[in-house]
Amino acid sequence: MEHDLEIFDKDGKALHIASVISRFLFKQAEKHDKDVEDLVIGLEIIYPLRDDGCNKLQLLDCDFNLIDEIVAQNGL
């Protein structure tokens, strides 16, 4: 899958999206004392947008129990 999403660190160095997601998962697994292989990321993108114009990013375990979530402005 190709994409044009670009992410940069605080020094302007380009980061690979898969590395960013991987680091996020491993840090969250450690924080919540879970096995990283048992985590799932879910992104709620609905149309039409929610009344507040936001999307929801959720971290779930393999049984789909909610571990953490954030609500972000459209476009994250």
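Residues numbered from 1 in each chain as written. Predicted model: local features only at pLDDT ≥ 70, side-chain atom pairs only at ≥ 80, totals over all residues. Heavy atoms only, no water.

1. As for the environment of Leu15
- Assignment of secondary structure puts Leu15 in strand β2 (residues 14-15).
- Not counting the four nearest positions on each side in its chain, Leu15 is found in contact with Ile7, Phe8, Asp9, Val20 and Arg23. (Helix = DSSP H or I, 4+ residues; strand = E, 2+ residues; numbered from the N terminus. Contact = heavy atoms within 4.5 Å.)

2. Thoughts on the pattern of salt bridges
- Counted by the stated rule, this structure contains one salt bridge.
- Lys34 is the partner of Asp61 in a salt bridge, and the nearest nitrogen-oxygen pair spans 3.6 Å. Placement of Asp61 in strand β4 (residues 54-61) and of Lys34 in the loop between α1 (17-31) and β3 (39-44) is noted, with a sequence separation of 27 residues between them.
- For Asp61, a relative accessible area of 9% puts it in the buried group. (Salt bridge = Lys/Arg side-chain N within 4 Å of Asp/Glu carboxyl O. Buried < 20%, exposed > 50% of the residue type's maximum accessible area, 1.4 Å probe, protein only.)

3. Let's talk about the confidence of the model for the protein
- The predicted model of the protein averages 76 in pLDDT, with 78% of residues at 70 or higher.
- Element-level mean pLDDT values for the protein span from 72 in β3 up to 85 in α1. (pLDDT = per-residue confidence, 0-100.)

4. Points about the nonpolar core
- Leu25, Ala29, Leu39, Leu59 and Ile67 together form the largest nonpolar core, which totals five residues.
- Discounting residues that sit within four places of it in the chain, Leu25 has contacts with Val36, Leu39, Ile41 and Leu59. (Core = buried A, V, L, I, M, F, W, Y, C linked by side-chain atoms within 4.5 Å.)

5. A look at α1
- Its 15 residues give α1 an end-to-end C-alpha distance of 21 Å, which sits within 8% of 21 Å, the value for a rise of 1.5 Å per residue.
- Looking only at α1, the buried set comprises Ile17, Leu25, Gln28 and Ala29. Burial along α1 is one-sided: seen end-on, the buried residues are contained in an arc of 105°. Residues of α1 that are exposed and point over 90 degrees away from its buried face: Phe26, Lys27, Glu30 and Lys31.
- Just beyond α1, the residue with positive phi is Asp33, at close to 55°. (Expected span 1.5 Å × (residues − 1). Arc of directions from axis to C-beta.)

6. Thoughts on the side chain of Asp61
- Separated by 2.9 Å, the side chain of Asp61 and the backbone nitrogen of Asp63 make a polar contact.
- There is a polar contact of 2.9 Å between the side chain of Asp61 and the backbone nitrogen of Asn65.
- Those residues in contact with Asp61 that sit more than four places away from it in its chain are Lys34, Asp38, Leu39, Val40 and Ile67. (Polar contact = N/O pair within 3.5 Å; in protein donor to acceptor, adjacent residues only side chain to side chain.)

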